[in-house]
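Each chain is listed here by its residues.
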Amino acid sequence: MGRSRLSAWLVTVPPLAWIAAFLFVPYCLLFCYSFWSLDANQQVLHHGTFANYLHLATTPLYLTVILRSMRIAFSVVLLSLVIGYPLACFLVFQAGKYRRMLYQAVIIPLWISYLVRAYAWKVIFGNEGVMNTLLQWCHATSHPLGFLLYSPFAVIVTLTHIYVPFVVLPVVASLEKIPPELLESSSDLGANAWQTFARVILPLSLPGVLSGATFAFLLSFGDFLAPLLLGGPSSVMIANIVANLFGADYNWPLGAAVAVLILAMVLAILTLTQKLERRWRAA
Amino acid sequence: MSSFLRLEGVGKRFGEHTVLESISLDVEQGEFLTLLGESGSGKTTLLRILAGFEEPTTGRVLLDDQRLDTMPPHRRPIHTVFQSYALFPHMSVFDNVAYGLRVRGCPRGEITSHVQEALAKVRMERFSGHFPKQISGGQKQRVALARALVNRPRLLLLDEPLSALDANLRLEMQRELKLLQRDVGITFIFVTHDQSEALAISDRVVLLHHGKVEQCGAPRTIYSTPRTAYAASFLGKSNLVTGTVRQGVADCGAFSVPVALPDGPVTFSLRPECVVPASDAAGEHVVRFAAEVVAEQFHGADSLLTLRCASGMELSARVAVQGNGGGFAFKAQDLVPLEHE
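### Brief notes about the overall build of chain B
Then comes step 1: A tally of regular secondary structure across chain B gives 8 helices and 21 strands.
Then comes step 2: Across its three principal axes, chain B shows a C-alpha extent of roughly 75 × 45 × 35 Å.
Then comes step 3: Here chain B holds 341 residues, and 52% of them are scored as buried.
Then comes step 4: In chain B, 64% of the contacts between residues at least 6 apart in sequence involve partners at least 24 apart.
Then comes step 5: If you sum the accessible surface of chain B, you get close to 15600 Å²; carbon and sulfur atoms cover 49% of it.
Then comes step 6: Across chain B, 36 positive and 38 negative side-chain charges occur, with their mean positions spaced 7 Å apart.

Take a look at the structure:
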């Protein structure tokens, strides 16, 4: 009895302590900070005010940046699905004996540092980069295309490259779960390959698409490095604002308010997708 | 010469492994045919060749004199009821049954009436709004049947459809399936490894063994006159009696029987229920022999006796009454000579 209680404590206490120290306390602090303010000497005043949230609501810049972040994240999701879904289908239904190898090939980029991959696109898109050199060599353009780098385009391409595996893996998992006799049964009942895809494969893979899309959207929405390295002023995203408020401006209360806002949006999206997924599961 | 469905030398190899060896078979319109065999006998492969999920390595399949084996599965006027039912989990019972009509572009108004009619036929009309995971195994079975029959296929293939059901439901579904088949008049090809199911349900049984047709015939014929020792022991319990023929008489040790066979060794099949106490035997061509009862298993309606003859040969006998120790007997025509394998 005593021993089993001891082991129960050993199993539950460390994770709970970990969650308290690294999640609960920081979130509480963040939440508190968002209701504090700065005095004239940049010192934090510890009494509650809605000034930060009011500032966010009345300054159009924040809405612009949030909308831009959503637009970029949404583009990343679309592109990742366009690339990732057919790739997942190919892996599951066509790759045959090469399936494991190709699956590994999808995963391997995840082992390479995010920074290296982001810099790689800098090399590709720069004025003297691979892309511009190639385009000029085949006379598609006479001078380097400037919009390739330091633009939302560069951010979207980089984020897509980074998050495609996050879409492929859950989609592969959901496609693998479809029993092969369902596909046989569909063609047995007179459906051609396209009808089988549209009526059986696609609907049954939607939970995987949803979780992949959620991953890609949330990670892109909160991304900070890609806009910093490849984005330029026209593609500042909301995480860059938070970083600036905490770092350069040293305005922790306002930074905290933006962070709380992002957190609320992320939670709202997660709740929504989970509800959707549960409804599909029930059906 | 044309028949409804004709298989001509259909064979299937997977690499070095031969699954089917040159199967030839004619099936009549409206027939209830069963492919019976153990796992590995090739019965499921044969069914999958008919459905179009496997291509035969050799031979050809004709339906109404038209080549079938070159047609993709979705063009064939053939539907399959799968062992796992293979209902679409994301569709209601109604949508499952409507699937075949929808992919063929049947007008919307007709779909509803056809689906309702098909569901009524399998007594599932109350469940049209349910999803597959909300209904039981037997109900899924019925939906799978309705889903196939609603398209009026020329041929319905059933891949061990009852094997997942419990014993009572199985008997019930066997009866229903047979009635349904009579009602719709569609040719059924039914695959099973259960010999009693095959005998109970079919117009004709094809016994497959190692990818070859071991024997083919009506249930009563195939049961009472097995061609080989394998057929005799797979289709129910049988005594395999060995003996030697000399000048028209087979000497089996415990008894001798006049036969029209050439001289040499011979094996007979003798069904346990054909052996009766000698006191119950009457009429001509009765073979009597002395034996002692060494074991009895009581089954309620009858008992299974293990008999030992003076020659040391053991025989099983299924009898309703034990007899009075006056020995046992059987009719000469029940002793069926088997071909050598």
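### Examining a nonpolar patch on the surface
All names here are of chain A.
Then comes step 1: Where nonpolar side chains cluster on the molecular surface, the patch consists of Leu16, Trp18, Ile19, Phe22, Leu23 and Tyr27 and spans about 650 Å² of accessible area.
Then comes step 2: Looking at the element boundaries, Phe22 is found in helix 1 (residues 2-33).
Then comes step 3: Residue class for Phe22 comes out exposed when judged on its relative accessible area of 54%.

### A closer look at the pairing of strand 20 (residues 328-331) of chain B
All names here are of chain B.
Then comes step 1: Bridging between strand 15 (residues 276-277) and strand 20 involves 2 bridges; their strand directions are antiparallel. Counted as the bridge partner of Val276 is Ala329 from strand 20.
Then comes step 2: The pairing of strand 16 (residues 286-289) with strand 20 spans 4 bridges and is classified as antiparallel. Along strand 20, the bridge assignment pairs Val286 with Lys331.

### Considerations on the nonpolar core
Side chains of nonpolar character tend, in soluble globular proteins, to be buried together.
Then comes step 1: Counting 94 residues, the largest nonpolar core has Leu175 of chain A together with Leu5 and Ile189 of chain B as its most contacted members.
Then comes step 2: Within the second largest apolar cluster, 37 residues are counted, among which are Cys106, Leu119, Ile135 and Val143 of chain B.

### Re the pattern of salt bridges
Residues and elements named next belong to chain B.
Then comes step 1: Using the criterion set out here, one finds 21 salt bridges over all chains in the structure.
Then comes step 2: Across the pair Arg60 and Glu8 runs a salt bridge whose closest N-O atoms are separated by 2.7 Å. On the criterion of sequence distance, the pair formed by Arg60 in strand 4 (residues 58-63) and Glu8 in strand 1 (residues 5-14) is long-range, its members being 52 residues apart.
Then comes step 3: Looking at Arg60, the relative accessible area reads 32%, which means it is partly exposed.

### Things to note about the sheet that holds strand 21 (residues 336-337) of chain B
Remark on secondary structure: sheet strands pair via backbone hydrogen bonds, oriented parallel or antiparallel.
Residues and elements named next belong to chain B.
Then comes step 1: As summarised here, the arrangement of the 5 strands in space is 13-12-11-14-21, forming an open sheet in which the pairing is antiparallel. The open sheet has two edge strands, strand 13 (256-258) and strand 21, and neither has a second partner.
Then comes step 2: Note that strand 14 (residues 264-270) and strand 21 share 2 bridges and pair antiparallel. Residue pairing in the sheet places Ser269 in a bridge with Val336 of strand 21.

### Points about the confidence of the model for chain B
Then comes step 1: Looking at chain B, pLDDT values average 91 and 99% of them are 70 or higher.
Then comes step 2: With a pTM of 0.83, the predicted complex shows an ipTM of 0.83.

### Digging into the interface of chain B and chain A
Interface size is commonly expressed as the accessible area that is lost once the parts come together.
Then comes step 1: The partner chain A presents 20 residues to the 26 residues of chain B that form the contact.
Then comes step 2: Buried surface at the junction of chain B and chain A, summed over both partners, amounts to about 1900 Å²; 59% is from carbon and sulfur atoms.
Then comes step 3: Here chain B is connected to chain A by 1 salt bridge.
Then comes step 4: Measuring nitrogen to oxygen at the nearest pair gives 2.7 Å for the salt bridge that ties Glu184 of chain A to Arg48 of chain B.
Then comes step 5: Of all the secondary-structure elements, those providing two or more residues to the side of chain B that touches chain A are helix 1 (43-51), strand 6 (78-81), helix 2 (93-103) and helix 4 (137-149) of chain B.
Then comes step 6: Tallying contributions element by element places helix 2 of chain B first for the side of chain B that touches chain A, with 4 residues.
Then comes step 7: Here the residues of the side of chain B that touches chain A are counted per class, giving 14 nonpolar, 7 polar and 5 charged.

### Some thoughts on the packing of helix 8 (residues 180-188) of chain A against helix 9 (residues 193-221) of chain A
Between two packed helices, both the angle of their axes relative to each other and the distance between the axes serve to describe the pair.
Residues and elements named next belong to chain A.
Then comes step 1: Running from N to C, helix 8 and helix 9 point in directions that differ by 160°, and their axes come no closer than 10 Å. Classified by the interaxial angle, the pair formed by helix 8 and helix 9 is roughly antiparallel. In this structure, helix 8 crosses over helix 9, and the sense of that crossing is right-handed. Residue-level inspection shows Leu182, Leu183, Ser186 and Ser187 of helix 8 in contact with helix 9, the latter providing Thr196, Val200, Ile201 and Leu204.
Then comes step 2: The residue makeup of the contact of helix 8 with helix 9, split by class, is 5 nonpolar, 3 polar and no charged.

Each value, and the rule that gives it
Here the residue numbering is sequential within each chain, running from 1 through the sequence in written order. Chain letters and ligand numbers both follow the written order, the letters beginning at A and the numbers at 1. With pLDDT at 70 or above as the cut-off, local features in this predicted model cover only qualifying residues; side-chain atom pairs require 80 or more to be listed or tallied, and sums for whole chains, interfaces and linings still use all residues. The basis for every side-chain value is the complete set of non-hydrogen atoms in the structure, without hydrogens or water. The helix count covers DSSP runs of H or I at least four residues long, the strand count covers runs of E at least two residues long, and both are numbered beginning at the N terminus. Think of it in three bands: residues with accessible area under 20% of the maximum for their type are buried, residues over 50% are exposed, and the middle band is partly exposed, with areas taken using a 1.4 Å probe on protein chains only. For this analysis, residues touch if any pair of their heavy atoms sits within 4.5 Å. Only the protein chains shown count as covering a residue, and every accessible area follows the Shrake-Rupley method with a 1.4 Å probe. Only four residue types enter the tally: Lys and Arg on the positive side, Asp and Glu on the negative side; His and the chain ends are excluded. Charged groups are reduced to one reference atom each: NZ for lysine, CZ for arginine, CG for aspartic acid, CD for glutamic acid. Like-charged residues within 9 Å of one another, or nonpolar side chains (Val, Leu, Ile, Met, Phe, Trp, Tyr) within 5 Å, are grouped into patches, provided each residue has over 30% relative accessible area and no salt bridge. We define a salt bridge as a side-chain nitrogen of Lys or Arg found within 4 Å of a carboxyl oxygen belonging to Asp or Glu. Here a strand pair is declared whenever DSSP counts at least two bridges between the two strands. Residues grouped as a nonpolar core are buried Ala, Val, Leu, Ile, Met, Phe, Trp, Tyr and Cys residues, joined through side-chain atoms within 4.5 Å. The score called pLDDT rates the predictor's confidence residue by residue, from a low of 0 to a high of 100. Two parts placed together each lose some accessible area under a 1.4 Å probe, and adding up what both lose gives the buried area. Residue classes follow a fixed rule: Ala, Val, Leu, Ile, Met, Phe, Trp, Tyr, Cys and Pro count as nonpolar, while Asp, Glu, Lys and Arg count as charged, and any other residue, Gly among them, counts as polar. Where helices are involved, their axes are fitted lines through C-alpha atoms of the stretch in contact, as for all axes, and angles between N-to-C directions lie from 0 to 180°. Note on terminology: angles under 35 degrees are roughly parallel, angles over 145 are roughly antiparallel, angles of 65 to 115 are roughly perpendicular, and the others are oblique. Here a crossing is taken to be left-handed if its near helix is turned anticlockwise relative to the far helix by less than a right angle, and right-handed if that turn runs clockwise.

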